[in-house]
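# Topology and contacts: notes
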Amino acid sequence: MAAGRWSEYTQLSKQIKQAGLLERRRGWYVAKIGVNLVLLAAGWAGFVIIGASWWQLLVAAYLAVVSTQIAFVGHDAGHRQLFRSRRANDLVGLAHANLGVGVSFDWWVAKHNRHHTNPNHEDLDPDISITALAFTPDQARSKHGLVRLVARYQGWLFFPLLVLEAAHLHLASAKAILRGRGRANAVEGLLLGVHLAVYLTALWLVLQPLQAVAFVIVHQGLFGLYLGCSFAPNHKGMPTLTDADELDFVRRQVLTSRNVTGSRLVDWLLGGLNYQIEHHLFPTMPRPNLRRAQPLIQAFCAHHDLAYAEASLFGSYAQAVRHLHAVGAPLRPPVAE
């Protein structure tokens, strides 16, 4: 980063620190985790009380929302937003990711850190290196077979494909555990095993076989859809980068990110990910401080003529889908006039 631009970020960091926005919010997170545990307990209590009934599909939908809220806390722990100690954050992350939702914490953190280091980079960001989707014309041209057919109509298929996101996370986590070694990997594997054993045992004891299968499809499908819809507005449809783009840290983070406007309900629904620009500039900033940091960062971007992208929730989805549809257009047969 050039000296002048490094100075820009240093000045912004000083403002953020002086405002106390990097101070940990342990009380907020204790309350958040407590509420999530109550919601989780209520869901599974309802599951037991309702018993072998097709009404359990409503419980599955409810638990998909709770699972996503638990995953958001795991995300924050991965960024060390809860505590200064890495060990303390890792313990919370393991409890929420591996034990809570069945996703490998270490695997996900490593993948997510690569995304934060190079957001929307064609070759280096794992979030736009997805087999079934193309985010750039070069990626579209490289697709073959069934994947090429999916990419051809990916604008229409984007949300249906998100239903498979939870299954992808579970499978990728299992692969990472099986390939890894060491004590930490053994602990992760044990926690994933406990999560799976408890989950399947509950289904086996309470539901009939077809009901159990339907419960898993609804729970995991909506969990994946909710997660995908929370992350999709952040970068999809924003500029993509290559090695030829020599951007400093601030511009690399701001110009590839999009915020989602809305009330505190949106904050809750998206787990604070609606403040994507603030989050990318200061990943360790606790979630409840992102809203307070926004005016400072908006003013910083305006002062330095940096585009500060914002859209409504549905507007951000529309931008993402239009981009995917446009990228897939060259793969589609021409429309006869």
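Notes on the structure in this doc start here. Numbering of residues starts from 1 in every chain and runs along the sequence as written. Only residues with pLDDT of 70 or above have their local features reported here, since the model is predicted, and side-chain atom pairs are shown and tallied only from 80 upward, although totals for entire chains, interfaces and linings are computed over all residues. For side-chain calculations, the full set of non-hydrogen atoms in the structure is used, while hydrogens and water are omitted.

## Some details on the overall build of the chain
Where we set the bar: Strands here mean DSSP runs of E at least two residues long; helices mean DSSP runs of H or I at least four residues long; both are numbered from the N terminus. Any two residues whose heavy atoms approach within 4.5 Å are treated as being in contact. Working definition of accessibility: Shrake-Rupley area with a 1.4 Å probe, residue cover restricted to the visible protein chains.
Scanning the chain for helices and strands turns up 16 helices and two strands. Taking the principal axes of the C-alpha coordinates as reference, the chain spans close to 65 × 60 × 45 Å. Expressed as a percentage of contacts within the chain between residues at least 6 apart in sequence, the contacts between residues at least 24 apart total 70%. When the accessible surface of the chain is split by element, carbon and sulfur atoms take 66% of a total near 16,700 Å².

## A short note on the pattern of salt bridges
The line we're drawing: Whenever Lys or Arg places a side-chain nitrogen within 4 Å of a carboxyl oxygen from Asp or Glu, that contact is recorded as a salt bridge. Only protein chains enter the accessibility calculation, which uses a 1.4 Å probe. A residue is then buried if its area is under 20% of the maximum for its type, exposed if over 50%, and partly exposed in between.
This structure, assessed with the given rule, holds eight salt bridges. The partner of Asp-90 in a salt bridge is Arg-86, and the shortest N-O contact between them spans 3.6 Å. Pair noted here: Asp-90 and Arg-86 are both in helix H4 (residues 86-101), with a separation of four residues, about one helical turn. What makes Arg-86 exposed here is its relative accessible area of 52%. In this structure, Arg-291 engages Asp-267 in a salt bridge whose closest nitrogen and oxygen atoms are separated by 3.0 Å. Taken together, the residues Arg-291 in helix H15 (residues 290-303) and Asp-267 in helix H13 (residues 264-269) connect sequence positions 24 residues apart. Among the residues examined, Asp-267 registers a relative accessible area of 13% and is labelled buried.

## What to know about H4
The criterion, for reference: A helix is expected to span 1.5 Å for every residue after the first. To get the bend at any residue, fit one axis to the seven residues that end at it and another to the seven that begin at it, then take the angle between the two axes.
Spanning 16 residues, H4 covers 21 Å between terminal C-alpha atoms, matching the ideal 22 Å at 1.5 Å per step. Maximum bend of H4: about 25 degrees, positioned at Leu-94. Of the positions making up H4, those classed as buried are Asn-89, Val-92, Gly-93, Leu-94, His-96, Ala-97, Asn-98 and Val-101. On its buried side, H4 packs onto helix H2 (26-50), helix H3 (56-78), helix H5 (105-117), helix H9 (165-179), helix H10 (183-206) and helix H11 (209-235).

## With respect to the packing of aromatic side chains
What counts, and what does not: Between rings of Phe, Tyr and Trp, where Trp is taken as its six-membered ring, a pair exists when centres lie within 6.5 Å; planes separated by under 30 degrees are stacked, by over 60 edge-to-face, and by other angles tilted.
Here the structure, examined in full by the defined rule, presents eleven aromatic pairs. Ring geometry for Tyr-9 versus Phe-282: centroids 5.5 Å apart, planes at 20 degrees, classification stacked. Highlighted residues: Tyr-9 in helix H1 (residues 3-18) and Phe-282 in the loop between helix H14 (276-281) and H15, separated in sequence by 273 residues. Assessed through its relative accessible area of 13%, Tyr-9 is described here as buried. Note on Phe-72 and Tyr-226: the rings are 6.1 Å apart at their centroids and 90 degrees apart in plane angle, and the pair reads as edge-to-face. Here the residue Phe-72 occupies a position in helix H3, and Tyr-226 occupies one in helix H11, the gap between them amounting to 154 residues. For Phe-72, a relative accessible area of 2% translates into the label buried. Ring pairs connect the aromatic residues Trp-44, Phe-47, Tyr-199 and Phe-215, which therefore count as one cluster.

## Focus on unusual backbone geometry
Of note, Arg-80 is a non-glycine position whose phi angle comes to about 60 degrees, a positive value. When you line up the elements, Arg-80 lands in the loop between H3 and H4. With relative accessibility at 34%, the residue Arg-80 sits in the partly exposed group.

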